[in-house]
Amino acid sequence: MTLSDDARAAARGGTALLVLQTGARALGLLFVAYVTRRLVPAQFARYSIVASLVLMANFFADFGTTQVFVRRISRDPDESDRLLGGTLTASFAAGLVAYGLTLMFVTVANYSSAIVTDMAIGGLAIPAMSMLTSLLAALDGRGLIARRAAITMGQTSIVALGGVAAVYAGLGIRGAIAAIAVGPWAGLLAALVIARRAGAWRSAPGFDWALTMSVVRSAMPFAVIGASSAFVARFDTVLVSVVSSSKQTATYDLAQRLIEALTYVSAAITAPSLFIL
């Protein structure tokens, strides 16, 4: 593939990311606007806690491997099959561990039994997200950034619109929390189909210890950045939920979501740039 081909793939991907992420953020704001008017702050706080812990757990489960996948596969697209086939099982295991740790946290942190149950439901997203990030990275590495953007948009749509539909149907905040879990699994299924059709992954899933350790060693610097991102992204919301009231937690999370509404623009620059570099 020539440099001009790479540049065109990056341009298409960046444009798709910008357009689709704009739509995704609009849906997120729609969800917040609707749910906060229909439910009391204590219920929205439950959603905030689960969403924050799921996001943090995903950063830790990923362990910086996304960047390693993009770097390796962009250099050699044919390596995507070996990487996915040899490490997806480990990704699933890492997701299960992260899921278990979040459940342990909400239990020992003396959250209510309702929140523990909420976390057990919403946390089912974590193993799916752990595998999904690898598949999306493989698509990015092969220059299929626009397809990856469509998958991400679909996942976000399910979480946001599914949450709105659940609240509208009278299922309360737990229905919206269930949508948090459904979105990544639907995205994972779509990513599997697209990866197979694009030839990014042809082999059967397995576990290659040497390959997994090689990826982990390469990911160490990115893992440190990822851990920092996890704390920056949502640790403050979790901390507020532990030391303060549910009303204050909901207010804080709402303000944070509004501030983050425009930060997605960086994704339209960083993802194509990592592929090119």
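Notes on the overall build of the protein
Here is step 1: Summing up its helical and strand segments, the protein has 11 helices and 0 strands in all.
Here is step 2: Taken from the N to the C terminus, the helices and strands of the protein come in the order α-α-α-α-α-α-α-α-α-α-α.
Here is step 3: A total of 277 residues make up the protein; the buried ones form 48% of that total.
Here is step 4: Looking at the protein as shown, the accessible area adds up to about 12700 Å², and 69% of this sits on carbon and sulfur atoms.

Focus on helix α7 (residues 145-168)
Here is step 1: A rise of 1.5 Å per residue sets the reference length of α7, with its 24 residues, at 34 Å; its end C-alpha atoms lie 34 Å apart and thus fit the reference within 8%.
Here is step 2: Once α7 finishes, G170 follows within two positions and takes phi at roughly 90°, a positive value.

Topic: the pattern of salt bridges
Here is step 1: This structure, assessed with the given rule, holds 5 salt bridges.
Here is step 2: A salt bridge links D118 to R46; the nearest nitrogen and oxygen atoms lie 2.7 Å apart. A residue pair is termed long-range when its members are at least 10 positions apart, and D118 in helix α5 (residues 113-122) and R46 in helix α2 (residues 41-62) qualify at 72 residues.
Here is step 3: For D118, a relative accessible area of 0% corresponds to the buried category.
Here is step 4: The exposure class assigned to R46 is buried, which follows from its relative accessible area of 18%.
Here is step 5: The partner of E79 in a salt bridge is R72, and the shortest N-O contact between them spans 4.0 Å. Grouping residues by exposure puts E79 and R72 together as buried.

Let's talk about the packing of aromatic side chains
Here is step 1: Evaluation of the coordinates by the stated rule reveals 4 aromatic pairs.
Here is step 2: Relative to Y47, the ring of F31 lies with its centre 4.8 Å away and its plane at 40°, an arrangement referred to as tilted. A residue pair is termed long-range when its members are at least 10 positions apart, and F31 in helix α1 (residues 3-38) and Y47 in helix α2 qualify at 16 residues. Each of the two residues, F31 as well as Y47, counts as buried.
Here is step 3: Linked through ring pairs, F31, F44 and Y47 together constitute an aromatic cluster.
Here is step 4: Against the face of W201 rests R196, its NZ or CZ located 4.5 Å from the ring centre.

Focus on the environment of S112
Here is step 1: Checked against the element boundaries, S112 lands in the loop between α4 (79-108) and α5.
Here is step 2: For S112, a relative accessible area of 38% translates into the label partly exposed.
Here is step 3: As a C-alpha pair, S112 and R46 span 66 residues in sequence and 9.7 Å in three-dimensional space.

A word on the nonpolar core
Here is step 1: Counting 34 residues, the largest nonpolar core has F31, Y47, V54 and I180 as its most contacted members.
Here is step 2: Looking at this core, the elements with two or more residues in it are α1, α2, α4, α5, α6 (125-141), α7 and α8 (172-198).
Here is step 3: In terms of residue count, the dominant contributor to this core is α2 (10 residues).
Here is step 4: The next biggest cluster of nonpolar side chains, apart from the first, holds 25 residues, and it includes V70, I73, L88 and L139.

Structural notes on unusual backbone geometry
Across residues other than glycine, the phi torsion is negative in most instances, and most of the peptide bonds are trans.
Here is step 1: Not every positive phi belongs to a glycine, and N110 is a case in point at roughly 65°.
Here is step 2: Along the chain, N110 turns up in the loop between α4 and α5.

Basis of the calculations
Counting restarts for each chain, with residues numbered from 1 along the sequence as it is written. Note on the predicted model: pLDDT of at least 70 is required for a residue's local features to be given, and 80 or more for side-chain atom pairs to be given and counted; whole-chain, interface and lining totals, by contrast, use all residues. The basis for the side-chain values is all heavy atoms of the structure; hydrogens and waters are excluded. Only DSSP runs of H or I with at least four residues qualify as helices, and only runs of E with at least two residues qualify as strands; both kinds are numbered from the N terminus onward. The cut-offs for exposure are 20% and 50% of the maximum accessible area for each residue type, with area from a 1.4 Å probe on protein chains only; residues under the lower value are buried, those over the upper are exposed, and the others partly exposed. Residue burial considers only the protein chains on display, and all accessible areas are found by Shrake-Rupley using a 1.4 Å probe. Here the expected length of a helix is defined as 1.5 Å per residue gap, with one fewer gap than residues. We count a salt bridge whenever a side-chain nitrogen from Lys or Arg sits within 4 Å of a carboxyl oxygen from Asp or Glu. In this scheme Phe, Tyr and Trp rings, the latter by its six-membered ring, pair at centre separations within 6.5 Å, and the angle between planes marks the pair as stacked below 30 degrees, edge-to-face above 60, and tilted otherwise. Only Lys NZ and Arg CZ are tested; either one counts as a charge over a ring when it is within 6 Å of the ring centre and within 35 degrees of the ring normal. What makes a nonpolar core is a set of buried Ala, Val, Leu, Ile, Met, Phe, Trp, Tyr and Cys residues whose side-chain atoms join them at distances within 4.5 Å.

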